[in-house]
Amino acid sequence: MAKLSLSLLSFLVLLGCGYAIREQQGECQVSNIDAREPSYTVRSEGGQTEFWDNHNNEFRCAGVSIRRHIIQQRGLLLPVYHNAPVLVYVVQGRGTYGVLTSGCAETFESGQQQQFSREERSQRFRVDKHQKVEEFQKGDVIAIRAGDAHWVYNDGDQELVVVVFHHNSNYANQLDQNPRSFFLAGNPGSEQEEEQYRRLRGSQEAQSELGNVFSGLDEELLAEAFNVDVETARKLRGQNDGRGHIIRAEKSIQLIQPHRSRQEQERQHNGLEETFCSARVKENLDRASRADFYNPRAGRFSSLNSFNLPILSFLQLSAARGVLHRNAIFSPHWYTNAHTLIYATRGASRVQIVNHRGQAVFDGQLREGQVLVVPQNFAVVKQAAEQGFEWVAFNTNENAAINTLSGRTSAIRGLPVDVVANAYQVSREEAQKIKFSRQETLIFNAPHSA
Amino acid sequence: MAKLSLSLLSFLVLLGCGYAIREQQGECQVSNIDAREPSYTVRSEGGQTEFWDNHNNEFRCAGVSIRRHIIQQRGLLLPVYHNAPVLVYVVQGRGTYGVLTSGCAETFESGQQQQFSREERSQRFRVDKHQKVEEFQKGDVIAIRAGDAHWVYNDGDQELVVVVFHHNSNYANQLDQNPRSFFLAGNPGSEQEEEQYRRLRGSQEAQSELGNVFSGLDEELLAEAFNVDVETARKLRGQNDGRGHIIRAEKSIQLIQPHRSRQEQERQHNGLEETFCSARVKENLDRASRADFYNPRAGRFSSLNSFNLPILSFLQLSAARGVLHRNAIFSPHWYTNAHTLIYATRGASRVQIVNHRGQAVFDGQLREGQVLVVPQNFAVVKQAAEQGFEWVAFNTNENAAINTLSGRTSAIRGLPVDVVANAYQVSREEAQKIKFSRQETLIFNAPHSA
Amino acid sequence: MAKLSLSLLSFLVLLGCGYAIREQQGECQVSNIDAREPSYTVRSEGGQTEFWDNHNNEFRCAGVSIRRHIIQQRGLLLPVYHNAPVLVYVVQGRGTYGVLTSGCAETFESGQQQQFSREERSQRFRVDKHQKVEEFQKGDVIAIRAGDAHWVYNDGDQELVVVVFHHNSNYANQLDQNPRSFFLAGNPGSEQEEEQYRRLRGSQEAQSELGNVFSGLDEELLAEAFNVDVETARKLRGQNDGRGHIIRAEKSIQLIQPHRSRQEQERQHNGLEETFCSARVKENLDRASRADFYNPRAGRFSSLNSFNLPILSFLQLSAARGVLHRNAIFSPHWYTNAHTLIYATRGASRVQIVNHRGQAVFDGQLREGQVLVVPQNFAVVKQAAEQGFEWVAFNTNENAAINTLSGRTSAIRGLPVDVVANAYQVSREEAQKIKFSRQETLIFNAPHSA
């Protein structure tokens, strides 16, 4: 028995403590990064969610996680809030969403306003007031603060696909770095999901990170808090609800919504919005005309930061959208102040990522639907494959600063030519070529590969 | 022997490493929260201090700790500074305190000002100058920055009881999360206290977190630094001082103090104070007239944040005071951006706390003198017992944002009625009742329970 | 075998897990601090770098590290960026440096500006443009943001000695607390260095924290990115470069540089610089005329903070320079909001450091070339030895606040005399001496020791 428990012990020590010690010496001792696919899927009545495993080294180092919702027509993602700020990118489709902000008024009202009380049970159906709702479409980025509840409804004519980036190590999350999703309805985190999660984690103790907060509250107390009967209160708790976290709207969903013209929707906003209640939280990054860097032969790059979407200064996050044509190169670069999570939206690219020891911790293909984390300061270069490459990037700084290694405005160009000549042991003529041969800034076409 | 050390080993691994690993995977994997009482008491000549054990899960998750001083008449809490900002709430009694702020002048002077030098030994007794001192009373909250030394004197006519909330995971604390108290006099942390502490921790290596910094300095060096004789310098070190950290003032304490009228003391201040030297650090939260939410049948709620006490924006903390009448309900809610520590000042309440999995991590009574920690984002509801309930809450954000689940301005009210109907599988009529039946905002009376 | 692996196991548990557990209970449970010398040296063609071991308790607690570069005449520290903001202090010599800031233009241009393209291979030698370069000299402090690449060239007539302070636990570093140096050229982190590092760490897995990021990038891809031939691209990767991280400039280095008068160089700047591109990052702390505290018989003290070097508010760091004459005393004090790393530049001093338990965690000599870390809130006192003492201090707050225990503006002076009398059990007369005998503020001469 001693021997048995000994080997068990060894196992615990080697896996368990060894792990603890290594982690403490450096959570970012990343010697290998992978292009990641989702690890498990949670299916619901109205769609499904694919989760990336956030226990991988590079995810833990960056303190980030990501999931992808696929919401069918008439699917409704139940109201939920997270312990971290999130950025949503709309990969496909269109829909409507609402963010419920603490203390903000219900500013969307139907024509006839009425006082409702327990006694007035015969009010008309369509009378309602609620907080602002907004339409969104492919290419939109939506920024949501930690703890702000939100819901999403697919009222479009195709499947809606969104990726949700969580910045768990953000200052706004005072819990630990595990992503947590607090639902306000339904019965997420049911047995089926638990089972999948336990299998992934290889542990009977692993638990999923979804649930309906009402389910832990007493139904009598809820009845009093809502001033409804216990039968109704019970429905808030969703205990026998087998629909999951994305439901199908059996009853038609009609929203109070101003019908804005296309122009209005694309209008550029500027300046700091006055309060969180009226703050703009959405911007479309897909339009080519919005590009910050543009090279007709090579591609384009658009960034979204606290200067063009002010709420990002509160979230301390930013995003970017890139398009590389066939074989085009995105200049080797590093971010001085941010981790980056890249989600590939189309095509494929060769990517190399290098750490401070000069080791390539990633050298491979990144393909549509995959995710790659680039830690802060690590050098990275991309070259699009034959079919070209498109991606969205999420950065853990409201104004992520990029430093390129080649091209105009690059670090190497900032060096005196004599420093270049000595550093690389080249002639001054070669040094000048290294500095000045590449005239473009960020995105290069590659005649050699073409 | 192998077997012996094996079991010892198993013990170490299971308790020790298991602990380390669990912690690392999530310091806030809180599956159970308790209403806590103090764990040990340190007795002194002039009073006693009761410490809550900050190694409990929910305290560690929130990075907070709390202690309660009971200071007898003429008791003086010796000057002390902490490694974290603290908020003090005065539960009972009145007294005088001073905060010693780096670089601020001694602005309280007795009539006759004199130059003192080593040679002028015959100066008059009552000539003095010192930094600002201020009176305080029951219901006051006092905000003290990390590292600012302060002292408290009970010159009232009854026992003084204050609770002190430490935010150890605050940005201002660059040490680890253990609360530390650096005294400038006396001999705190004596053997008696060590003994109690070791017993609590079950370890011979545990050490208390109090001490007089002078005791570690050489007395000859102190004599030179203060330009006094070695005999006097020795007294700074307090080595044979058996009085503890709260002493009884044997010599009468007379302070230079402007005698303000009652009106002046209650005057509301506005705007940002000009420097830290003159910043206001105190406000009374007990007066009913100060309530931010008021319901004559159910109770009231007052909050203290960076808008009404500007120094809190530096401390990144806020506080609130709640009163619930018999059976009244405090709306189910969550804080988007803060942990909360609740200290019950009177009566009792049923409280439920729910995590993101929908599990009730606490469902029980919170009674006068007990403490309950509610982690950020966790949902919580309170219903006062027959005798009513009063409390003070400390929040780890200078402007803690509350989101209610029922009542006016609640998250559920912000949802379109059709979303409510679909989410909870209820008719539109029921959905409207869920949204609109409860008209109050935060504090509800409960006719059903009455 | 069971016994063998058992003892191995015990070893692992005691060293490994015990370590993990202790760390978690408090990374700043510092019971002993040492005056530290460098742990290992990395030699290069043009100089050498001495590293302090940042795994010591007090370095880990403070989240800091330090290294010393000794750069020979014509030595060039290759362009490098770090994962943390750094402060550089110039101990000896003079030189030129450049900081490559993302997105800033090459504002230093030679007279004849030309367009260079791949086809124009016959351009004149001396035509160049690069980012701002600046001279520096003994006594200068230079502030560099995390991720900003920089280089240093010794064009003076003696060895150049600089110490570089890294604040690894700074908010700007989103990687873990290990210092990382990303070089843009050469072949740092070669076998020789690895070997030394492994010996120090006692582990075959330990790896140095230096490397050339180009070495991990594919040379074909680099050739395309730089639009140069593969031969040249290969030189960027520096694979057979045996010169190390400080090279000797074989080719003369001529820089475009305005020749400013001495006066201009010493001109005091004020106010916030407009952008990071033109921000001032350097200031000389050695001139006696700059002192903030000055006592002709005892010494002087100059501080550099966000008020006089605005970029420090972004770095959240500050620095100070102290000079104590023979036997002079620096008042016992604590910093309310910062750790301090002291580097002794000349002479020696007795230093005592006291923790919150009143224990002297250091009581010894600090000598020229040694380093001492004083954790936040710990009390410290210095008395210069016979030969006097000079030092530079780096603080982990942009406006480190000092609280003295004796002297004018001290905490003790802020206490009412009756509080002093009761706290220290002295007569009011003695209390007045304790408060008022020492008239100086920060630096005292010590007639008794003289």
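Under an unreviewed UniProt entry, the name given to chain A is Cupin type-1 domain-containing protein, and the organism recorded is Salvia splendens. Taken from UniProt, the Sequence similarities (unreviewed entry) comment for chain A reads in full: "Belongs to the 11S seed storage protein (globulins) family." On record in UniProt, under Subunit (unreviewed entry), the comment for chain A is "Hexamer; each subunit is composed of an acidic and a basic chain derived from a single precursor and linked by a disulfide bond."

1. With respect to the overall build of chain A
Looking only at helices and strands, one finds ten helices and 26 strands in chain A. Considering only contacts in chain A between residues 6 or more positions apart, those separated by 24 or more positions represent 76%. Of the accessible surface of chain A, which amounts to about 16,400 Å², a share of 46% is contributed by carbon and sulfur atoms.

2. Describing helix α10 (residues 428-436) of chain A
By the criterion of burial, α10 of chain A is predominantly enclosed, with seven of the nine residues buried. Buried residues along α10 of chain A sit in contact with α8 (411-414) and α9 (417-423) of chain A together with β8 (129-130), α4 (219-226) and α5 (230-237) of chain C.

3. Focus on the nonpolar core
Counting 130 residues, the largest nonpolar core has Ile353 and Tyr424 of chain A together with Leu87, Leu184, Phe214, Phe226 and Phe394 of chain C as the members making the most contacts within it. The element that contributes the greatest number of residues to this core is strand β24 (residues 379-395) of chain A, accounting for seven residues.

4. Observations regarding the pattern of salt bridges
Counted by the stated rule, this structure contains 78 salt bridges over all chains. Residues Arg94 of chain B and Glu135 of chain B are paired through a salt bridge, measuring 3.8 Å at the closest nitrogen-oxygen approach. A residue pair is termed long-range when its members are at least 10 positions apart, and Arg94 of chain B in strand β6 (residues 94-100) and Glu135 of chain B in strand β9 (residues 133-137) qualify at 41 residues. As a salt-bridge pair, Asp218 of chain B and Arg350 of chain C come within 3.8 Å of each other at their nearest N and O atoms. One end of the pair, Asp218 of chain B, is in the loop between β14 (210-212) and α4 (219-226); the other, Arg350 of chain C, is in strand β21 (residues 340-354), on a second chain. Given a relative accessible area of 27%, Arg350 of chain C falls into the partly exposed group. Three or more residues are tied together by salt bridges with common partners; here these are Lys138, Asp286, Arg321, Arg346 and Glu390 of chain A.

5. Observations regarding a nonpolar patch on the surface
Residue and element names in this part refer to chain A. Among the surface-exposed residues, Tyr171, Phe276 and Phe314 lie close enough to one another that they form a single nonpolar patch of about 290 Å² accessible area. Looking at the element boundaries, Tyr171 is found in the loop between β12 (160-167) and β13 (181-183). A relative accessible area of 44% means that Tyr171 is categorised as partly exposed.

6. Regarding the side chain of His339 of chain C
With respect to the secondary-structure elements, His339 of chain C resides in the loop between β20 (329-335) and β21. The class of His339 of chain C is buried, set by a relative accessible area of 2%. At 2.9 Å, the side chain of His339 of chain C and the backbone nitrogen of Gln376 of chain C are in polar contact. Setting aside residues up to four positions removed in sequence, His339 of chain C forms contacts with Gln174 and Leu175 of chain B together with Cys61, Ala62, Val374, Pro375, Gln376, Phe394, Asn395 and Thr396 of chain C.

7. Re the sheet that holds strand β12 (residues 160-167) of chain C
All names here are of chain C. Ordered by their spatial adjacency, seven strands build an open sheet running β1-β2-β3-β12-β5-β10-β16, and the pairing between neighbours is antiparallel. Strand pairing shows two members of the sheet lacking a second neighbour, β1 (40-44) and β16 (282-284), which therefore form its edges. With strand direction ignored, the average angle separating the axes of adjacent strands in the sheet is 20°.

8. Looking at unusual backbone geometry
Residues and elements named next belong to chain C. One non-glycine residue with positive phi stands out, namely Asn227, at about 60°. Mapped onto the elements, Asn227 comes out in the loop between α4 and α5. For Asn327, which is not glycine, the phi torsion reads 65° and is therefore positive. Following the sequence through the fold, Asn327 ends up in the loop between β19 (318-324) and β20.

9. Topic: the UniProt feature "domain: Cupin type-1" (unreviewed entry) in chain A
UniProt feature "domain: Cupin type-1" (unreviewed entry): in the numbering of this structure it lies at residues 31-234 and 283-432 of chain A. Structurally, residues 283-432 of chain A is divided into 14% helix and 48% strand, and its ends, taken at the C-alpha atoms, are 41 Å apart.

10. Section: the state of the cysteines
Should the sulfur atoms of two cysteines be covalently bonded, the bond is a disulfide. Applying the stated criterion across every chain yields a total of five disulfides over all chains. Paired through a disulfide, Cys28 of chain A and Cys61 of chain A show a sulfur-sulfur distance of 2.0 Å. Taking the torsion about the S-S bond as the criterion, the Cys28 of chain A to Cys61 of chain A disulfide, at about 100°, is right-handed. With Cys28 of chain A in the loop between α1 (2-25) and β1 (40-44) and Cys61 of chain A in helix α2 (residues 57-62), the pair connects residues that are 33 residues apart, well separated along the chain. Accessibility assignment for this pair places Cys28 of chain A and Cys61 of chain A in one class, buried. Across the disulfide from Cys104 of chain B sits Cys277 of chain B; the S-S distance is 2.0 Å. Disulfide Cys104 of chain B-Cys277 of chain B: the torsion about the S-S bond is -90°, which places it as left-handed. With Cys104 of chain B in the loop between β6 and β7 (108-109) and Cys277 of chain B in the loop between α6 (262-266) and β16 (282-284), the pair connects residues that are 173 residues apart, well separated along the chain. Owing to a relative accessible area of 39%, Cys277 of chain B belongs among the partly exposed residues under this scheme.

11. What to know about the sheet that holds β12 of chain A
All names here are of chain A. With antiparallel pairing, seven strands are arranged side by side in an open sheet as β1-β2-β3-β12-β5-β10-β16. Two strands close off the open sheet at either side, each with one partner strand: β1 and β16 (282-284). Going across the sheet, the axis of each strand differs from the next one's by a mean of 20°, ignoring polarity. Summarising the sheet, strand β10 (residues 140-144) and β16 pair through three bridges and their orientation is antiparallel. Across the sheet, Asp140 pairs through a bridge with Asn284, a residue of β16.

12. Describing helix α9 (residues 417-424) of chain B
Among the eight residues in α9 of chain B, eight count as buried, and that is most of the element. Following α9 of chain B by one or two positions, Gln425 of chain B adopts a phi angle in the positive range, close to 55°.

13. Let's talk about the packing of aromatic side chains
Using the criterion set out here, one finds 45 aromatic pairs over all chains in the structure. On the numbers, 5.1 Å between centres and 15° between planes, the contact of Tyr40 of chain C with Phe51 of chain C is stacked. Here Tyr40 of chain C, found in strand β1, pairs with Phe51 of chain C, found in strand β2 (residues 47-51); they are eleven residues apart in sequence, far enough to count as distant. We note that Tyr40 of chain C, like Phe51 of chain C, is buried. An aromatic cluster of three or more residues is present, and its members are Phe293, Phe301, Phe330, Phe389 and Trp391 of chain A. One cation-aromatic arrangement involves Lys382 of chain A over Phe330 of chain A; the distance from NZ or CZ to the ring centre is 4.4 Å.

The rules we used
Residues numbered from 1 in each chain as written. Chains lettered and ligands numbered in written order. Predicted model: local features only at pLDDT ≥ 70, side-chain atom pairs only at ≥ 80, totals over all residues. Heavy atoms only, no water. UniProt positions renumbered as here; feature names shortened; annotations may be inferred. Helix = DSSP H or I, 4+ residues; strand = E, 2+ residues; numbered from the N terminus. Contact = heavy atoms within 4.5 Å. Areas by Shrake-Rupley, 256 points an atom, 1.4 Å probe, with all protein chains shown as cover. Buried < 20%, exposed > 50% of the residue type's maximum accessible area, 1.4 Å probe, protein only. Core = buried A, V, L, I, M, F, W, Y, C linked by side-chain atoms within 4.5 Å. Salt bridge = Lys/Arg side-chain N within 4 Å of Asp/Glu carboxyl O. Patch = residues over 30% accessible without salt bridge, like charges linked within 9 Å, V, L, I, M, F, W, Y side chains within 5 Å. Polar contact = N/O pair within 3.5 Å; in protein donor to acceptor, adjacent residues only side chain to side chain. Pairing = 2+ DSSP bridges. Axes fitted to C-alpha atoms, helices over the stretch in contact; angles between N-to-C directions. Disulfide = S-S within 2.5 Å. Phe/Tyr/Trp six-rings, centres within 6.5 Å; stacked < 30°, edge-to-face > 60°. Lys NZ or Arg CZ within 6 Å of the ring centre and 35° of its normal.

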